[in-house]
Amino acid sequence: MTKARNDGRIEFRWMVDRSRPEYRPNVFDDAQEYAEVMKDGYRKDYWQLQPQRVEVWTEKDAIIGSIEKLTSDLGITVRVTRGFMSTTKIYEISKFIRRSEKPMTVFYLGDHDASGRAIETDLGDRIRSYGAKLTIKRLAIHASDIAKFKLPPLRVKESDSRAAGFLRRYSNKCVELDALPPTELRRRIEEAVTAMLDRELWDRAVMVEKAERASIQEIVARWPRQEGAP
C-alpha cells in the first residue's frame, strides 16, 4: 500500500491513520482571526428540540472515514468502543444521558462474531445499570448480510469464551464490520436516523441557525481589524 500511494495508484487521502492523535493548542494570530473562525464554525444543535438523542456507536475506528461526512451532516455523535468499554467510560456516558434528561437511541455497528455480539449487549446492560435510558439497535452486521452481500465469512474462534453461545444462536460463520460495503453502511445509518426525526422541529432548528449565523456574520463584519492586518 505504501508503494501504491507513492507511485500515485492510490491517493493518500483515501487512507487515514487515527491511531496517532495530535494534541495542539487552540491559538489564533489575533482576535480578528478568532472572530472569522467562530463565524464560519457556528452550528446549531439540531437535536436540541428533538424529543430524544441519537448516536452511532461502532466497534471499530476503521470505518469512521466511510461515515463521518454523513454523521456530521446529521449532527450526531459517533463513539468508537474499541471492544468492551471501560467502567470509567460507561459511567461518563450514562451520566451524559441522565443529564440530558432525554432517552437515547444508539445505532450500533459491530462485527458479527461472538465478541461483537457480546459487546453490544454488555454496553446496554452496564449503561442502564447506572439509571440511563438507553435503547441500542444493531444496524450492522447481521447474520443475513453474509449471504446477501456475499461477504467472506470467517470461522468462529473456538478460543473465545463466548463462542459456544454464538454457535448455538447463529452458525460457525462470522464476519467483520469492515466487510460491509460503505454505501450500504451509510444508507442504513441515514435511513435509521432520519426515521427518528421530528421533521417540523428539525426544520425550525435549521431556520434559527440561519438567523443566528447571519447575526454573527454581521457582528464580525463590523469587528475592527488589527492595524497592519491584510
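Here goes a summary of the coordinates provided. (Residues numbered from 1 in each chain as written. Predicted model: local features only at pLDDT ≥ 70, side-chain atom pairs only at ≥ 80, totals over all residues. Heavy atoms only, no water.)

**Regarding the side chain of Thr-105**
Mapped onto the fold, Thr-105 is located in strand β3 (residues 104–109). Taking relative accessible area as the criterion, Thr-105 reaches 4% and is therefore assigned buried. Within the structure, Thr-105 has its side chain in polar contact with the side chain of Gln-52 (distance 2.7 Å). Residue contacts for Thr-105: discarding those within four places in its chain leaves Gln-52, Arg-53, Val-54, Glu-55, Thr-135, Lys-137 and Met-196. (Helix = DSSP H or I, 4+ residues; strand = E, 2+ residues; numbered from the N terminus. Buried < 20%, exposed > 50% of the residue type's maximum accessible area, 1.4 Å probe, protein only. Polar contact = N/O pair within 3.5 Å; in protein donor to acceptor, adjacent residues only side chain to side chain. Contact = heavy atoms within 4.5 Å.)

**Quick word on the nonpolar core**
Phe-107, Leu-109, Leu-185, Ile-189 and Val-193 are the most contacted members of the largest nonpolar core, which totals 27 residues. Of all the elements in the fold, those that place two or more residues in this core are β1 (53–58), α3 (64–74), β3, β4 (134–140), α8 (182–194) and α9 (199–221). In terms of residues, this core owes the most to one element, α8, which gives four residues. Setting aside chain neighbours within four positions, we find Phe-107 in contact with Val-54, Glu-55, Val-56, Trp-57, Lys-137, Leu-139, Ala-192, Val-193 and Met-196. With 14 residues, the next largest nonpolar core counts Ile-90, Ile-93, Ile-97 and Met-104 among its residues. (Core = buried A, V, L, I, M, F, W, Y, C linked by side-chain atoms within 4.5 Å.)

**Looking at α9**
Counted at 1.5 Å a residue, the expected span for α9 with its 23 residues is 33 Å, and the 33 Å between its end C-alpha atoms agrees. If you check which residues of α9 are buried, you get Leu-201, Trp-202, Ala-205, Glu-209 and Val-220. On its buried face, α9 is in contact with α2 (31–41) and α3. Backbone nitrogen of Glu-200 and a side-chain oxygen of the N-cap are separated by 3.2 Å at the start of α9; the cap is Asp-198. (Expected span 1.5 Å × (residues − 1).)

**A look at the sheet that holds strand β2 (residues 77–80)**
Strand order in this open sheet of four strands is β2-β1-β3-β4, and the pairing throughout is parallel. A single partner strand is all that each edge strand has here, and the edge strands are β2 and β4. Pairwise comparison of adjacent strand axes, ignoring direction, gives a mean angle of 25° for this sheet. Seen against the sheet, α3 touches β1, β2 and β3 and runs at an angle of roughly 160° to β2. Running at roughly 165° to β4, helix α5 (residues 114–128) makes contact with β1, β3 and β4 of the sheet. (Pairing = 2+ DSSP bridges. Axes fitted to C-alpha atoms, helices over the stretch in contact; angles between N-to-C directions.)

**Topic: the pattern of salt bridges**
Scanning the entire structure with this criterion turns up 18 salt bridges. With its nearest N and O atoms 2.7 Å apart, the salt bridge here joins Glu-120 to Arg-138. With Glu-120 in helix α5 and Arg-138 in strand β4, this residue pair connects regions lying 18 residues apart in the sequence. Taken individually, Glu-120 and Arg-138 each receive the classification buried, so the pair is uniform in this respect. Each of Asp-145, Glu-184, Arg-187, Arg-188 and Glu-191 takes part in one network of salt bridges that share partners. (Salt bridge = Lys/Arg side-chain N within 4 Å of Asp/Glu carboxyl O.)

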